[in-house]
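So the chains spell out like this:
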Amino acid sequence: MKKITISDIIKLSIEGGLFLALSYFILMKFYSVTMYTYPHEFREMNMVAIAKRFSQGIDPYSYQSLNCNAIPEVTNVYGFLSPLLISPWIWMLDGRSSALQICQILTLMIEVIGNILFYACIYRRTKDRLLSLCGTVIFFSVIGDILPAGELFLTNGE
């Protein structure tokens, strides 16, 4: 039987803290998605508009669907694959929830799955849980835009 040393206790407490931080980041992102039904920035609605058109059976990339007097909706940071994958969910859940919340929740699920895979890849290479959790927390905070979560502290549109 292995004797537990103080360094083992410190390492386990750091791992537990990092796991709690990652859980907090995920819960904070989920809270932000469910409590705010408006987009946080302009470019967030482009993916929703394209996914909504895909769910209605409209090709948003066709010449007929382009509006020449506005910013083209087909320009977004996600490309065409993400709205195409999200459009069946919007079609199934339309009327029960807003398309923006559906897109945000599915994006959060994709981020969580990506972080699980990221943790597994780091752990497979290093066999160190602490390093894997550190990398995963940093990766999730970067791709999830979690660290500057100031919108949770804003009230009355201030």
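Per chain, residues are indexed from 1 in the order of the written sequence. The model is predicted, so local features are restricted to residues of pLDDT at least 70 and side-chain atom pairs to those at 80 or more, both for listing and for counting; the totals for chains, interfaces and linings are taken over all residues. Side-chain calculation: all heavy atoms of the structure are included, whereas hydrogens and water are not.

Asks: What is the right way to look at the nonpolar core in this model?
Replies: Buried together is how nonpolar side chains tend to be arranged in soluble globular proteins. What is meant by a nonpolar core is a set of buried Ala, Val, Leu, Ile, Met, Phe, Trp, Tyr and Cys residues, joined one to another through side-chain atoms within 4.5 Å. Type-normalised accessible area, obtained with a 1.4 Å probe on protein chains alone, sets the label of each residue: buried when under 20%, exposed when over 50%, and partly exposed for intermediate values. The biggest cluster of nonpolar side chains holds ten residues, and these are Met47, Val48, Ala51, Ile86, Ile90, Ala99, Leu100, Ile102, Cys103 and Leu106. Looking at this core, the elements with two or more residues in it are α2 (44-55), α3 (81-93) and α4 (99-126). Numbering goes from the N terminus for both helices and strands, where a helix is a DSSP run of H or I of at least four residues and a strand is a run of E of at least two. In terms of residue count, α4 provides more of this core than any other element does, five residues in total. Residues within four places of Ala99 in sequence aside, it is in contact with Val48, Lys52 and Ile90. By the convention used here, residues are in contact when the closest approach between their heavy atoms is within 4.5 Å.

Asks: Help me understand the pattern of salt bridges, please; the structure alone is not making it clear to me.
Replies: Two side chains with opposite charge may pair up if their charged atoms get near one another. Here, a salt bridge means any Lys or Arg side-chain nitrogen found within 4 Å of an Asp or Glu carboxyl oxygen. Scanning the entire structure with this criterion turns up two salt bridges. With a shortest N-O distance of 3.2 Å, Asp128 and Lys11 are connected by a salt bridge. Highlighted residues: Asp128 in the loop between α4 and α5 (129-143) and Lys11 in helix α1 (residues 6-35), separated in sequence by 117 residues. The partly exposed category is assigned to Lys11, whose relative accessible area is 34%. A salt bridge links Arg129 to Glu15; its shortest N-O distance comes to 3.1 Å.

Asks: How do you make sense of the environment of Ile138 when you look at a structure like this?
Replies: As for its position among the elements, Ile138 is in helix α5. With 116 residues separating them along the chain, Ile138 and Leu22 place their C-alpha atoms 9.1 Å apart.

Asks: Sorry, what's going on with a nonpolar patch on the surface here?
Replies: A cluster of nonpolar side chains, namely Tyr61, Phe80, Leu81, Leu84 and Leu85, defines an oily patch on the protein surface of about 500 Å² accessible area. Looking at where Leu84 falls in the secondary structure, it is placed in helix α3. Without a salt bridge and with relative accessible area above 30%, a residue can belong to a patch; like charges are then joined within 9 Å and nonpolar side chains (Val, Leu, Ile, Met, Phe, Trp, Tyr) within 5 Å. Accessible areas in this description were obtained via Shrake-Rupley with a 1.4 Å probe; residue shielding takes into account the shown protein chains only.

Asks: Got a minute to help me understand unusual backbone geometry in this structure?
Replies: Both trends apply: most residues other than glycine have a negative phi, and most peptide bonds are in trans. Positive phi outside glycine occurs at Lys127, with the angle close to 60°. In this fold, Lys127 is placed in the loop between α4 and α5. Lys127 gets classed as exposed once you look at its relative accessible area, which sits at 59%.

Asks: Is there a simple way to explain the confidence of the model for the protein chain in this structure?
Replies: Detailed reading of the predicted coordinates is not advisable wherever pLDDT falls low. When pLDDT is averaged along the protein chain, the result is 75, and 78% of the positions lie at 70 or above. Along the chain, pLDDT gives the predictor's confidence residue by residue, from 0 to 100. Mean pLDDT across the elements of the protein chain bottoms out in α5 (77) and peaks in α3 (84). In the predicted structure, residues 147-158 sits below a pLDDT of 50 and forms eleven contacts with residues beyond four places in sequence or in another chain.

Asks: Looking at this structure, how should I read the side chain of Ser132?
Replies: Relative to the helices and strands, Ser132 resides in helix α5. For Ser132, a relative accessible area of 0% puts it in the buried group. For the purposes of these results, a polar contact is taken to be a pair of N or O atoms within 3.5 Å, where, inside protein, one atom must be able to donate a hydrogen and its partner to accept one; residues adjacent in sequence count only when each atom of the pair is a side-chain atom. There is a polar contact of 3.3 Å between the side chain of Ser132 and the backbone nitrogen of Tyr123. Of note is the side chain of Ser132, whose polar atom sits 2.8 Å from the backbone oxygen of Asp128. The residues contacting Ser132, other than those within four sequence positions of it, are Tyr119, Ile122, Tyr123 and Thr126.

Asks: Help me out: how do you make sense of the packing of α1 against α4 in this one?
Replies: Relative placement of two packed helices is described by the angle separating their axes and the distance separating the axes. In contact at an axis separation of 9 Å, α1 and α4 are set at 170° when each is read in the N-to-C sense. Accordingly, the angle class assigned to the pair α1 and α4 is roughly antiparallel. Only Gln101, Gln104, Ile105, Leu108, Glu111 and Val112 of α4 make contact with α1, whose side of the interface consists of Ile26, Lys29, Phe30, Val33 and Thr34. Under the grouping applied here, Gly and all other residues not named as nonpolar or charged are polar, the nonpolar ones being Ala, Val, Leu, Ile, Met, Phe, Trp, Tyr, Cys and Pro and the charged ones Asp, Glu, Lys and Arg. For the contact of α1 with α4, the residue count by class is six nonpolar, three polar and two charged. Where helices are involved, their axes are fitted lines through C-alpha atoms of the stretch in contact, as for all axes, and angles between N-to-C directions lie from 0 to 180°. For classification, angles of less than 35 degrees are called roughly parallel, those exceeding 145 degrees roughly antiparallel, those between 65 and 115 degrees roughly perpendicular, and all remaining angles oblique.

Asks: Just checking my understanding: could you explain the packing of aromatic side chains for this structure?
Replies: The geometry of an aromatic ring pair comes down to the distance between the two centres and the angle between the two planes. The criterion for an aromatic pair is that two Phe, Tyr or Trp rings (for Trp, the six-membered ring) have centres within 6.5 Å, with stacked assigned to planes under 30 degrees apart, edge-to-face to planes over 60 apart and tilted to the rest. For the structure on display, the rule yields one aromatic pair. Each ring, one from Tyr119 and one from Tyr123, has its centre 6.0 Å from the other, and the planes form 10°; the classification is stacked. A residue pair is termed a helical-turn pair when its members lie 3 or 4 positions apart in one helix, as Tyr119 and Tyr123 do in helix α4 at four residues. Accessibility expressed as a relative area gives 30% for Tyr123, which makes it partly exposed.

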